[in-house]
Amino acid sequence: VEASIPEPQRDAWTKHQTGGFKDKDGFEREVVRHVETTLARSMFNCDETAAYAAASLAFRDRLILEWNRTQQRQTFADAKRVYYLSLEFLMGRALDNAMLNIGQKDLAAAGLAELGFRIEDVISQEHDAALGNGGLGRLAACFLDSLASLNYPAWGYGLRYRYGIFKQEIIDGYQVEVPDYWLDFNPWEFPRHDVTVDIQFYGHVQKSTDSSGKNVAHWEGGEIVKAVAYDVPIPGYATPSTNNLRLWSSKASGGEFDFQKFNNGDYESSVADQQRAETISAVLYPNDNLERGKELRLKQQYFWVAASLYDIVRRFKKTKRAWKEFPEQVAIQLNDTHPTLAIVELQRILIDLEGLEWDEAWNIVVSTFGYTNHTVLPEALEKWSVGLIQHLLPRHLQIIYDINLFFLQTVERLFPNDRDILGRVSIIEESNPKMVRMAFLAIVGSHKVNGVAELHSDLIKTTIFKDFVSIFGPDKFTNVTNGVTPRRWLHQANPKLSDLIASKVGSLEFLRDLTLLNKIENSVDDAAFRKEWAAIKLANKTKLADYIKTTIGVVVNPSALFDVQVKRIHEYKRQQMNIFGVIHRYLTLKSLSPEERKTFLPRVSIFGGKAAPGYWMAKQIIHLINSVGSVVNNDKDIGDLLKVVFLEDYNVSKAELIIPASDISEHISTAGTEASGTSNMKFVLNGGLIIGTCDGANIEITREIGENNIFLFGNLAEDVEDLRHTHTYGSHTIDPDLAKVFEAIEKGTFGDSKDFAGMITAVRDHSDYYLVSDDFHSYIETHALVDEAYKNQEEWITKCITSVSRMGFFTSDRCINEYAEGIWNIEPLAVEKAGAA
Ligand code: Z15
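A quick note: this is a predicted structure, and the numbers were derived from the prediction, not measured.

Residues W248, W533, F580 and W824 are the most contacted members of the largest nonpolar core, which totals 230 residues. Counting residues per element, this core draws most heavily on helix 10 (residues 295–317), which supplies eleven residues. Composition of this core by domain shows at least three residues from each of domain 2 (78–93 + 128–479) and domain 3 (557–804). Within the second largest apolar cluster, 25 residues are counted, among which are V35, A51, F117 and V122.

Quick look at the structure:
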């Protein structure tokens, strides 16, 4: 397959293969070389930015050599590959991760020190790769780490947004969005200007008959945009395997610009065409759990899906196999419905371009795809209007109609007497305008559908996809509970804790087999161990306290209880309930005498998270948090007893700072709304306890760590529907403690109450859809239990250690192995053992 090098030249090639640096000296030599030549600077003007750039270039040289070998190995072995299609990859920083995964961080630290730099300062120069919104994007990033670490032949496919998720600034308590122009200098990507795909949009379909009398469709006309590949190497931990993340960038197909127009003096429109093409991959849509049906978003989806499939098919064709073997070589996982058009595109390629019969093609398609659902929230389920698809992708709409026709015929045969089922399950919703239901299309076109935590997987089977279970049978639907990579979320984020654990486990082997954490449970009774554990938590909290001081100027006491809620701001995640709870605490403290107050445990309430720019209620929540902070933090009666901080621009690198510093974190979504949650896993893994509802993965975390080690509260998912019904049609009274909170806000305690009227109205005057009032009392009581528990530090630390020891299940390695076995049918590729750990 690879163009082979002729014998006479091969010697020269092998003789000069560098393999990258081998030791500290070699690393330093590479850094100096990159500073002096690649960056054209000198030792006299090498600042931390340049040191970061040079160190990254030295490491990426190593990665790319391993990347090449990994690809050769996979091609040679003729292995089945999995392709993970995700519109989001929330990668965060790459340098620290690369150094740790290939086991060279100590060497780099020593080398950089000799050159006059502290490694932490160098690492912190890196701009986060923030090509994602929240949990879904970060999950994709954890999966890439696990796929490489477990030696699976896997590629990620995504979009190379010029602007990732916006940067959040807080100005006068309000969120302000600033563009994230992150590509200024990105050493982690390799442009592949030779790997391009022409992508067609618009046009029309011409039907004709070929020589054998068969009907054929031709998609003609319209416009062409070029997709250019950019490759990002993904290093596995303690293995030479280095996988590829391929991100597509859009470019005008005519090259730089239209020379015809340019020569005619029409400069502006010659550039306009180019800009219009480049707009496709320009910006990540900043909504989490919300779909807004914008044409550009659909263009992004098709652009990315078509380029990726072209690439996958091209690779398959090189093997010269028969089409029916496609699913033995290729598994494609759809991360949510965003890439669902891939199903239609593959069917189109097979029937229109490759001349297969419909049924043969469709069997290949269904065997190839798997679909992961990440939400039951109705506003997040994608629907595209038939008119829009018709306009943008006329041939695809025809194929969707055919898929639907054959599907509905099957349903009719199965349920001949059911008058309503066809309307309920039709891929086309007969509304005005008509809509294509992407989740239904994804189900029909995949051989497996999975949810991301047990409760969630049960819910999709009994609610939104109920009919499909009776049509396809229960085996098509499965659960794969989410996980997180312990490399980034323990070893990288919390090196001190990782080392302490290693001292008990005997090695860092738990980073490859997280169940080995159970070995530390033997040490919970060891007072010296608990003391070291507590000292590490305090050090992490002190580091965060310093950060809070320098960024927002609030002084917090590191020995106070740190109570953290960091995640996208959304009503279903109920940051509003948290801040109402904080206000309740403030009012309680104010009502006490100074003597009584002293019995209270000092607390720091820490918030962070972005609001979608058009999400008015989420922005109001941010504003209230900041307003409460400015009152409470400056109240002399309160002092250290309560501080409220909102950390701006929460992202992956800030998560690495915040999560290890948490005592208790909040995962308090209305039961049944958070599909899984993944930060809950990260917090517990870092020795923090959690307060949470019986929702998503909280339930499985409880089962693993034991119910004495978690603070659960609130109504259950099974009761939510009835409660909502009662709010709307029956009585709707507000919890008395919450009513007092509202009263204080309305009195103007935290500034102009009009600014917060929407939040109060939603609970008191509307239907309180997210059950804030219903859960409030239980929430407040449970926080009181948290206070009590924290006062007994020895017992608290025992809970933390016990919890960590039982978190083995939540590694994304386990999760990826489940996908590999149950959905993808792929196996790891053996490699010579090498590298780190
Ligand atoms: C997103 O971040 C999630 C689901 C979605 O449907 C969209 Cl559009 C974005 C999250 C879930 O809310 C969260 O519970 C889950 O842990 C995460 O996906 C990964 O599965």
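Read on, since the account is not over.
Running from N to C, helix 2 (residues 24–38) and helix 5 (residues 105–114) cross one another at 55 degrees; their axes reach a closest spacing of 9 Å. Classified by the angle between their axes, helix 2 and helix 5 sit oblique to one another. Read as a crossing pair, helix 2 and helix 5 show a hand that is right-handed. Contacts between helix 2 and helix 5 involve K24, F27 and E28 from the former and L107, A108, A110, G111, L112 and E114 from the latter. Here the residues of the contact of helix 2 with helix 5 sort into five nonpolar, one polar and three charged.

This part covers the pattern of salt bridges. In a structure, side chains of opposite charge can pair up when their charged atoms sit close to one another. For the structure on display, the rule yields 56 salt bridges. One salt bridge in this structure joins R10 and E7, with 3.7 Å as the shortest N-O distance. Residue R10 and its partner E7 are located together in helix 1 (residues 7–16), separated by three residues, close to a single helical turn. Here R10 falls in the partly exposed class, since its relative accessible area comes to 36%. What makes E7 exposed here is its relative accessible area of 56%. One salt bridge in this structure joins R488 and E656, with 2.9 Å as the shortest N-O distance. Placement of the pair is R488 in helix 20 (residues 486–492) and E656 in helix 26 (residues 652–658), with a sequence separation of 168 residues. Given the relative accessible area of 12%, E656 is considered buried.

Take empty space enclosed by the protein next. Inspection of every chain in the model, using the stated rule, returns eight cavities of 30 Å³ or more. What the largest cavity holds in volume is close to 790 Å³. Looking at the largest cavity, it is lined by 44 residues, and the ones nearest its centre are N133, G134, G135, L136 and D288. Those elements that place two or more of their residues in the lining of the largest cavity are helix 7 (135–149), helix 26 and helix 27 (679–685). Looking at the lining of the largest cavity, the element that brings in the most residues is helix 7, giving four residues. Per-class residue counts for the lining of the largest cavity are 15 nonpolar, 17 polar and twelve charged. For the lining of the largest cavity, the two domains that each supply at least three residues are domain 2 (78–93 + 128–479) and domain 3 (557–804).

We now examine the domain arrangement of the protein chain. Domain annotation for the protein chain reports domain 1 (20–77 + 94–126), domain 2 (78–93 + 128–479) and domain 3 (557–804). Just the C-alpha atoms count here: the centres of domain 1 and domain 2 sit 34 Å apart. Counting residues at the interface gives 28 residues for domain 1 and 28 residues for domain 2. For the domain 1 and domain 2 pair, buried surface summed over both sides reaches about 2,400 Å², with 56% attributable to carbon and sulfur atoms. In this structure, the connection of domain 1 to domain 2 is made through 19 residue pairs in polar contact (both at pLDDT 80 or more).

As a further point, take the pairing of strand 5 (residues 167–171). Side chains of strand 5 alternate between two faces, with Q168 and I170 buried and K167, E169 and I171 left unburied. Here strand 5 runs beside strand 6 (residues 174–178); their pairing, made up of five bridges, is antiparallel. Residue pairing across strands places I170 opposite Q175, the latter belonging to strand 6. Linking strand 5 back to strand 6 in an antiparallel pair, the connection comprises two residues, with D172 at a positive phi of about 55 degrees.

Looking now at the sheet that holds strand 18 (residues 477–479). A sheet is described by the order of its strands in space; here nine strands give the open sequence 7-10-11-4-1-12-13-17-18, paired in mixed fashion. Each end of this open sheet is capped by a strand with a single partner; those strands are strand 7 (190–201) and strand 18. Mean inter-strand twist for the sheet, computed between neighbouring axes without regard to direction, equals 25 degrees. Sitting on the sheet, helix 7 touches strand 1 (81–85), strand 4 (154–159), strand 10 (223–235), strand 11 (242–252) and strand 12 (330–335), and the angle it makes with strand 10 is about 55 degrees.

Here we come to the site of the ligand. Taken together, 15 residues form the shell around the ligand, and within it D288, H374, N482, E674 and G677 come nearest. N289 is positioned with one of its side-chain polar atoms (N or O) 3.0 Å from an oxygen atom of the ligand. In the complex, the protein chains occlude 96% of the 450 Å² of accessible area that the ligand would expose alone. Grouping the constituent residues of the shell around the ligand by class yields five nonpolar, seven polar and three charged. Here the shell around the ligand gathers at least three residues from each of two domains, domain 2 (78–93 + 128–479) and domain 3 (557–804).

Further remarks concern the side chain of R437. Checked against the element boundaries, R437 lands in strand 16 (residues 435–437). A relative accessible area of 15% means that R437 is categorised as buried. Among the polar contacts listed, one links the side chain of R437 to the backbone oxygen of G423, at a separation of 3.3 Å. Here S426 takes part through its backbone oxygen, which lies 2.7 Å from a polar atom of the side chain of R437. What R437 contacts, discounting residues up to four positions off in sequence, is E382, K383, G423, R424, V425, S426, I427, I428 and E429.

Quick look at the packing of aromatic side chains now. Using the criterion set out here, one finds 29 aromatic pairs in the structure. Note on F201 and Y202: the rings are 6.4 Å apart at their centroids and 55 degrees apart in plane angle, and the pair reads as tilted. Comparing F201 with Y202, the two get one shared label, buried. Ring geometry for F407 against F472: centres 5.9 Å apart, planes inclined by 10 degrees, an arrangement best described as stacked. Placement of F407 in helix 15 (residues 394–414) and of F472 in helix 19 (residues 466–472) is noted, with a sequence separation of 65 residues between them. Looking at F407, the relative accessible area reads 5%, which means it is buried. Given a relative accessible area of 31%, F472 falls into the partly exposed group.

Let us look at the state of the cysteines. For the structure on display, the rule yields zero disulfides. Free cysteine C142: the closest other cysteine sulfur is in C815, separated by 9.4 Å.

With 98% of its residues at a pLDDT of 70 or more, the protein chain has an overall mean of 96. Across the interfaces of the predicted complex, the ipTM metric reaches 0.98, alongside a pTM of 0.97.

What follows concerns unusual backbone geometry. That bond from N432 to P433 is cis: its omega, 0 degrees, falls within 30 degrees of zero. Within the element layout of this structure, P433 appears in the loop between strand 15 (428–429) and strand 16. Residues other than glycine seldom take positive phi values, yet A40 does so here, at roughly 55 degrees. Summarising the element assignment, A40 is placed in the loop between helix 2 and helix 3 (48–77).

Definitions and limits used
- Residues numbered from 1 in each chain as written.
- Predicted model: local features only at pLDDT ≥ 70, side-chain atom pairs only at ≥ 80, totals over all residues.
- Heavy atoms only, no water.
- Core = buried A, V, L, I, M, F, W, Y, C linked by side-chain atoms within 4.5 Å.
- Buried < 20%, exposed > 50% of the residue type's maximum accessible area, 1.4 Å probe, protein only.
- Helix = DSSP H or I, 4+ residues; strand = E, 2+ residues; numbered from the N terminus.
- Domains from an automatic or database assignment.
- Axes fitted to C-alpha atoms, helices over the stretch in contact; angles between N-to-C directions.
- Parallel < 35°, antiparallel > 145°, perpendicular 65-115°, else oblique.
- Left-handed = near helix turned anticlockwise from the far one by under 90°.
- Contact = heavy atoms within 4.5 Å.
- Nonpolar A, V, L, I, M, F, W, Y, C, P; charged D, E, K, R; others polar.
- Salt bridge = Lys/Arg side-chain N within 4 Å of Asp/Glu carboxyl O.
- 1 Å grid on protein atoms, 1.4 Å probe; cavity = no way out; pocket = protein on both sides within 12 Å on 5 of 7 lines; lining within 4 Å.
- Points joined across faces, edges and corners; volume = space filled by probe spheres on them.
- Buried area = accessible area lost by both parts, 1.4 Å probe.
- Polar contact = N/O pair within 3.5 Å; in protein donor to acceptor, adjacent residues only side chain to side chain.
- Pairing = 2+ DSSP bridges.
- Near = heavy atom within 4 Å.
- Areas by Shrake-Rupley, 256 points an atom, 1.4 Å probe, with all protein chains shown as cover.
- Phe/Tyr/Trp six-rings, centres within 6.5 Å; stacked < 30°, edge-to-face > 60°.
- Disulfide = S-S within 2.5 Å.
- pLDDT = per-residue confidence, 0-100.

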